[in-house]
Each structure stands twice: as C-alpha cells, then as structure tokens.
Amino acid sequence: ERMGVQHVLRRYLQPAAAILGAALGLAPHGVLPQVEAFAGQAGPRGEIVFQSDREGPSRIFIMDVATRATRRVGPAGDWFDEDPSWSPDGRRLAFMSTRGGGNNQDIFVMNADGSGVTRLTDHRANDQDPAWAADGQSLYFTSERNGRGEIFRLWLDSKKVDRVTSGLSRAIMPAVSRD
C-alpha cells in the first residue's frame, strides 16, 4: 500500500485545506483553489470531487461547496475507487479502480452522475493518477509497466497508450496545465 508521508498529506490534508480556504473566502466567490486531482479537485459548478474511506473501501464522492451536500458517485462494491479527476467540461470523471479484479489498479471513466463506468486500461501493472488533457481527448496517467513509475498518455477514442517519460528514476502523478 502506498501510504508514504506525501501520500497522506495529499489524501487528507489538501482536501481539508481547499474546503477551509473556500469557507474562509480565500478564493473568489464560487471558485475554489485548485487541488491535485488525487486529493480533491474543484469542479465547474462549485463542487469538489474526492475519495474517502467513510464506507469502508475508498469511494469517490462529490460535495457541493455551497450546501455541503455530499453524495457517493458510482456503485459500491468490493473494490477501491481513487484518484478522481474532472474532465475539462465537468461531465466526466477519470479515476483509478481495482474493480477489474485481483487488486490490480486500472484507469476508468464515468459520467459525473456515476453512470457509464468504462474501463480504459487493462494491464497487469498498476495504472493510477489519471489527469485529463486540456482538450478532453486523452488522459495522462502513472504506470509501473516498465518497472518504475512512468507517465503515459491514453487516447480516449482508440484507447492507444503512448509512453511520455523515459529514463527518469521515477515519474508519477501528472498534472496537466489548462492551456
């Protein structure tokens, strides 16, 4: 299990900081500071997507910042759903899940209402940390396909996967600029 200090900080403290910052008015009205997709990420309508183990295994939840109403997104099962990331248009979520079986981590997408869950990767190595390209046509993600963490790009229309980084000691948790 990947429970290093930075993992714990991203998972638990950054979402809390984003919520507190919004509550204290540290961001313009209706806009939340961007938080890494892994921990929680501001949506297009004043919502935050995050993962929580409040129901046992990690699940994905969306919270409306104005009302603080929280709802689980997607079905519950004997798997983990983590690393949620909003699509640029706010209609879909990319995430890592073990729902494919065997505790193997793969990349999935679903509609923001939890419908239309689709598996995008199916590799024996762990795939995680999805981040949408600005145009919404592809995802970047971390995979251990070549031994250590490297960044890959997955094209949504063809499911073609291209390796982006090579030869680094380790490259993980991609974050794509909006432009």
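Parameters and conventions
Residues numbered from 1 in each chain as written. Predicted model: local features only at pLDDT ≥ 70, side-chain atom pairs only at ≥ 80, totals over all residues. Heavy atoms only, no water. Helix = DSSP H or I, 4+ residues; strand = E, 2+ residues; numbered from the N terminus. Buried < 20%, exposed > 50% of the residue type's maximum accessible area, 1.4 Å probe, protein only. Contact = heavy atoms within 4.5 Å. Salt bridge = Lys/Arg side-chain N within 4 Å of Asp/Glu carboxyl O. Pairing = 2+ DSSP bridges. Axes fitted to C-alpha atoms, helices over the stretch in contact; angles between N-to-C directions. Polar contact = N/O pair within 3.5 Å; in protein donor to acceptor, adjacent residues only side chain to side chain. Phe/Tyr/Trp six-rings, centres within 6.5 Å; stacked < 30°, edge-to-face > 60°. Lys NZ or Arg CZ within 6 Å of the ring centre and 35° of its normal.

**Q** Looking at this structure, I do not really get the environment of Ala171. What am I missing?
**A** Here Ala171 lies in the segment after strand 12 (161-163). On the basis of relative accessible area, Ala171 is assigned to the buried category, the value being 8%. Residues Ala171 and Phe152, spaced 19 residues apart in sequence, show a C-alpha to C-alpha distance of 9.8 Å. Leave out the neighbours within four places in its chain, and Ala171 touches Thr142, Gly149, Glu150, Ile151 and Thr165.

**Q** For this particular structure, what's the right way to read unusual backbone geometry?
**A** Excluding glycine, residues mostly have negative phi values, and the peptide bonds linking residues are mostly trans. One non-glycine residue, Arg68, lies in positive phi territory at about 65°. Within the fold, Arg68 resides in the loop between strand 3 (59-64) and strand 4 (70-73). Located in the positive-phi region is Asp129, a residue other than glycine, with phi close to 60°. With respect to the element layout, Asp129 can be found in strand 9 (residues 127-132). A residue is classified by how much of its surface remains accessible, and Asp129, at 6% relative accessible area, is buried.

**Q** Is there a simple way to explain the pattern of salt bridges in this structure?
**A** Should their charged atoms come close, side chains of opposite charge can pair. For the structure on display, the rule yields eight salt bridges. Put simply, Arg99 and Asp81 hold a salt bridge, and the shortest N to O gap is 2.5 Å. Pair noted here: Arg99 is in the loop between strand 6 (92-97) and strand 7 (106-111) and Asp81 is in strand 5 (residues 81-86), with a separation of 18 residues, a long-range link. As a salt-bridge pair, Arg119 and Asp122 come within 2.9 Å of each other at their nearest N and O atoms. Judged by relative accessible area, Asp122 falls into the exposed class, the value being 62%. Each of Asp106, Arg119 and Asp122 takes part in salt bridges that share partners, so that together they form one network.

**Q** Which parts of the structure should I look at to understand the sheet that holds strand 12?
**A** As a general point, the strands of a sheet are linked pairwise by backbone hydrogen bonds and lie either parallel or antiparallel. Strands sit in the order 9-10-11-12 across an open sheet of four strands; the sheet is antiparallel. Two strands bound the open sheet, and with one partner strand each, they are strand 9 and strand 12. Here the strands of the sheet are splayed against their neighbours by 35° on average, with no regard to which way each runs. Direction of pairing for strand 10 (residues 138-146) relative to strand 11 (residues 148-155): antiparallel, over a ladder of seven bridges. Within strand 11, the residue paired with Ser143 across the bridge is Glu150.

**Q** How should I be thinking about the side chain of Thr121 in this particular structure?
**A** Within the secondary structure layout, Thr121 lies in the loop between strand 8 (118-119) and strand 9. Among the polar contacts listed, one links the side chain of Thr121 to the side chain of Asp106, at a separation of 3.2 Å. If sequence neighbours within four positions are ignored, Thr121 has contacts with Asp106, Ile107, Asp127, Phe141, Arg145 and Leu154.

**Q** Is there a simple way to think about the packing of aromatic side chains in this case?
**A** Note on aromatic pairs: each is described by the distance of the centres and the angle between the planes. For the structure on display, the rule yields three aromatic pairs. Relative to Phe152, the ring of Phe141 has its centre 5.9 Å away and its plane inclined at 25°; by these criteria the two rings are stacked. Of the two residues, Phe141 sits in strand 10 while Phe152 sits in strand 11, which places them 11 residues apart along the sequence. Phe152 shares its class with Phe141; the two are buried. It is Arg99 that lies over the ring of Phe108; its NZ or CZ is 5.7 Å from the centre. Over the ring of Phe152 we find Arg145, and its NZ or CZ is 5.6 Å from the ring centre.

**Q** I tried to follow the sheet that holds strand 6 on my own but got confused; where do I start?
**A** Read across the sheet, four strands follow the order 5-6-7-8 without closing on themselves; strand pairing throughout is antiparallel. The open sheet has two free edges, formed respectively by strand 5 and strand 8, since each of these has just one partner strand.

Read these as geometric descriptors, not functional statements.
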